[in-house]
Amino acid sequence: MSDTFHLDGAEVPFESGQTVMQAALAAGHYIPHLCYHPEFKPHGSCKLCTVKVNGRTTASCTMPAEAGLEIESETEELNALRRTLVQMLFAEGNHFCPSCEKSGNCMLQALGYDLEVHTAGFRHLYPDRPVDASHPDILLDFNRCILCELCVRASSEVDGKNVFGLAGRGITKHLIVNAESGQLADTDIALADKAMQVCPVGVILPKRVGFSIPIGSRRYDERPISAQALDDAPRQSAASGGCTACEE
Amino acid sequence: MVADASMRMADLDPILERRARDPGALLQILREIQELRGNIDTATVTYLCAQLGIPRTRIEGVAGFYSFLNLQPRGEYRVLFSDNITDRMLGNQSLLEAMCHQLWLQPGKVSEDGLVSIATTSCTGMCDQGPAMLVNGRAITRLSLQRVQEIAQLIRNRTPLDSWPADFFRVDDNIRRGGLILDNKLAPGDALRSGLNIGEAGIVEEIKKSGLRGRGGAGFPTGLKWEACRNAAGTTKHVVCNADEGEPGTFKDRVLLTRQADLVFEGMTLCARAIGAQHGYLYLRGEYRYLLDPLQDVLQRRRESNLLGKDILGQSGFDFDIEIHLGAGAYICGEESALIESLEGKRGIPRSRPPFPVTHGYMQQPTAVDNVETFCSAALAIQMGADSFRAIGTAKSSGSKLISVSGDCPRPGIYEYPFGVSVREVLEDCGATNTRAVQVSGPSGICIAESEFHRKLGFEDLPTAGAFMVFDDSRDLFEVARNFVHFFAHESCGFCTPCRVGTSMLKSTMDKIAAGHGTRFDLAEIENLDHVLQTTAHCGLGRTACNPVLHTLKHFRPAYENRLKSLDFEPAFDLDGALARARQMTGRDDAGAHLKTEET
């Protein structure tokens, strides 16, 4: 028999070793997130998934699930925090959705819509981040990087290549590639790499496939991210528990 | 070509051999290369990749994280002015300008001939004898215009640092008031013998009974930490001494490591005995590089006296030794889990907790991390017994506390008091007059005004890691807070969104207010930012980053309001400021090159 905790009043079962985020998604409960990806070890940097556990705020993706926890997620207070965090990420980089190939498939943009982020909130920092178009098949547009480290993790953990890494500190932290020249063309990245598939925003793009799906028919144009994320998460089989009853 | 390249790298081989080409020693390797060559260039990184068998993203990631490691050439002489508020109050900015002027260069830039660069760095822990600087990592104290001019001349003449006047590098201890720790008369090994007499479990019990709490600021009960570590399952346990004393205004560990190194190591060895550790590490902040050799000598002497090494004091199987790791300019490494990451040769990013270091610390093994002063107090508590130790201080804060006093007072330095001393007593002892405010425990601590000077230092009231910066009535507390805000933005590790972006936003808001463009809206925004940082930041740095502003707003609101425009809102974007670059390029600064502002 598995233990349970409460998420916004609903009973959520979990298996030992699961974090709050993993258990919630598996049971069909969405908690907003950006740097969390079901296939990778949680790392807890974006803080979008902040929830209140027994009255204390913490990132749900790294918080180990424990029996009897009382967790709040879908509250105005927490969503206000998440809105501010999304505003911070927009202000930190250079994001121009109308001209971005990832528009409609971008998690940051989708979260912006879903959380109803209506204003910029902060003065934009307009960092100087030149693009890397050196590779014949792949474009890197660092302007959109939100430093979630998913490509770093995918390249090292799945592809076994370490194509990406992070350098710098604080607001100067930035994505780097594994080449003496500092250019993607001189790395061993390949189109089939996992690292090519995990960028939640529009940094890592295959060349020559621009706008093959028209804006308006893209992933988050069809369904909001809160619904889409549940489809992507590994779900519990119907046999293992009555969690389907919890779904609204 | 290849042979040529490896010839140019031959000087690195002794460093690599000494560290056994261990990628876990990456930070120490990089630091030593930096010291040898002045920077770590592209070819060197390529060579290290091959030698250590790790990707260059990892090497560049680590090198780019620590302020004292340079991937680009920064000149033969790299001058860093300490830029704590206490250095500023002693005039470091005009000294920096004078030096730049004399050497014909701009702050932050390298001179055309590659001779010298001049920039600023976070507090170097010399607040009692500032303004201070680091030249190629070596501390220079008591700067004056004359001294700065002499230094510029020495640099221009390319005089090797070893030939500079020794007095430049003199660091005074400035002990103004001794006590339990500073006046102890123990001989090396005394406390250790007492510990051996009561046994491993006895040490833990005695420390628990003594009521000793961590001196790094958080105040976690030391006995409970040691007990948890002792009971934790693990093959290899570790003792780590946190000597990464980075909180601006703190310098007590510098003095303890100078005067009481044996007591520090004795405390670490007792901890090792209690928890069953064989390896200890002292993580020394890079700014205290000058202490490395004397500390190594103390360790060697203790090995020769059988106080370290195998079968310590004849106790068969009691093996323990201590290694010193140097930091390289990252305040965040004072956070215990970031410190452990740094010990492992990585970027100093605080870990997600749980698990805690007592079960999963260095190399994922149980690790007890304690402050320098905590280890000193632990050794004394074992030597004198828990009851005698507990008799000193207050009910919930037993023992004594070292206070690092700096700022506006005639007698800055180290003061040791039993816990429970009031702020006013410290002010009287250091001779401060017309005091407007005291920053207790550094920027992440609390700023108090005269109405609160009766408050007492201790865990019951004003917990402190030891910093005590005094500001008299000539000081502008807004500028104090702005200095601290810049510090946090500079030292944020950048891991989590709220701290990485929030500290920069806070900095730009404070700069906006300083430039006379602030409004009431901005003050409200600061409070909102504080809420976001308090609730979502990954570690204490982010959570406390707004404190300096909130505390000074509470007590000294006019310092802010005098600067505000009467408007409700004013954009941060400065149209005239945007033309500065164009003015510089065209060499114009006449009225026609400026936009009129609406100020009357």
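Parameters at a glance
Residues numbered from 1 in each chain as written. Chains lettered and ligands numbered in written order. Predicted model: local features only at pLDDT ≥ 70, side-chain atom pairs only at ≥ 80, totals over all residues. Pairing = 2+ DSSP bridges. Helix = DSSP H or I, 4+ residues; strand = E, 2+ residues; numbered from the N terminus. Axes fitted to C-alpha atoms, helices over the stretch in contact; angles between N-to-C directions. Parallel < 35°, antiparallel > 145°, perpendicular 65-115°, else oblique. Left-handed = near helix turned anticlockwise from the far one by under 90°. Contact = placed C-beta atoms within 7 Å. Domains from an automatic or database assignment. Nonpolar A, V, L, I, M, F, W, Y, C, P; charged D, E, K, R; others polar. pLDDT = per-residue confidence, 0-100.

Right, let's talk about the sheet that holds strand S7 (residues 279–284) of chain B for a bit. All names here are of chain B. With parallel pairing, the four strands of this open sheet are ordered in space as S8-S7-S6-S9. The sheet is open, and its two borders are formed by strand S8 (321–326) and strand S9 (367–371), each paired with just one other strand. Across the sheet, the axes of successive neighbouring strands diverge by a mean angle of 20°, strand direction being ignored. Bridge count for strand S6 (residues 238–243) against S7 is six bridges, and the pairing is parallel. Its bridge partner being in S7, Cys241 is matched across the sheet by Leu282.

Turning our attention to the packing of helix H9 (residues 190–210) of chain B against helix H10 (residues 222–231) of chain B. Residues and elements named next belong to chain B. Remark: H9 packs on H10, axes separated minimally by 7 Å, with the N-to-C direction vectors making an angle of 155°. Classified by the angle between their axes, H9 and H10 sit roughly antiparallel to one another. Our pair here, H9 against H10, has a crossing hand that is left-handed. Where H9 abuts H10, its residues Val204, Ile207 and Lys208 lie against Thr222, Gly223, Leu224, Trp226, Glu227 and Arg230.

Remark: a regular strand shows side chains that alternate across the two faces of the sheet. Residues and elements named next belong to chain A. As paired elements, strand S1 (residues 3–7) and strand S2 (residues 10–14) share five bridges and run antiparallel to each other. Its bridge partner lying in S2, Asp3 is registered against Phe14. What sits between the antiparallel neighbours S1 and S2 is a turn of two residues, in which Asp8 has the positive phi angle 50°. Judged from the two bridges that link them, S1 and strand S5 (residues 70–72) form a sheet pairing that is parallel. Of the residues in S5, the one forming a bridge with His6 is Glu70.

Looking now at the domain arrangement of chain B. Residues and elements named next belong to chain B. According to the domain assignment, chain B contains domain 1 (2–63), domain 2 (77–171), domain 3 (177–390), domain 4 (478–561) and domain 5 (575–600). Distance between the C-alpha centres of domain 3 and domain 4: 34 Å. Between domain 3 and domain 4, the contact holds eight residues from the first and eight residues from the second. Here the side of domain 3 that touches domain 4 is built from residues that sort into six nonpolar, one polar and one charged.

Our focus in this paragraph is the interface of chain B and chain A. The interface is formed by 31 residues belonging to chain B together with 31 residues belonging to chain A. Take the side of chain B that touches chain A: its biggest share by element is eight residues, from helix H19 (residues 497–514) of chain B.

Here chain A averages 91 in pLDDT, while 93% of its residues score no lower than 70. Predicted confidence for residues 237–248 of chain A stays below pLDDT 50, and this span has 16 contacts to residues more than four positions away or in other chains.

Residue and element names in this part refer to chain B. Their axes nearest at 10 Å, the elements helix H12 (residues 261–275) and helix H13 (residues 292–304) cross at an angle of 60°. When the axis of H12 is compared with that of H13, the two are oblique. With respect to the hand of their crossing, H12 and H13 are arranged in right-handed fashion. Residues Ala261, Asp262 and Phe265 of H12 form the contact with H13, whose own contacting residues are Leu295, Val298, Leu299 and Arg302. For the contact of H12 with H13, the per-class residue count stands at five nonpolar, no polar and two charged.

Residues and elements named next belong to chain B. In terms of strand pairing, strand S12 (residues 435–440) meets strand S13 (residues 446–449) through four bridges, oriented antiparallel. Residue Ala437 lies in a different strand from S13, and its bridge partner there is Ala449. The loop that links S12 with its antiparallel partner S13 comprises five residues; one of these, Ser441, has a positive phi angle of about 70°.

To continue, consider unusual backbone geometry. The omega torsion of the bond from Gly130(B) to Pro131(B) falls at -10°, within 30 degrees of zero and hence cis. If you trace the backbone, Pro131(B) turns up in the loop between strand S2 (116–121) and strand S3 (133–135). Arg353(B) connects to Pro354(B) through a cis peptide bond whose omega is 0°. By the secondary structure assignment, Pro354(B) is in the loop between helix H14 (336–343) and S9. Unusually for a residue other than glycine, Asp8(A) sits at a positive phi of about 50°. When you line up the elements, Asp8(A) lands in the loop between S1 and S2. You will see that Asn162(A), though not glycine, has its phi angle at about 55°, which is positive. Its location among the elements puts Asn162(A) in the loop between helix H4 (150–158) and strand S7 (164–167).

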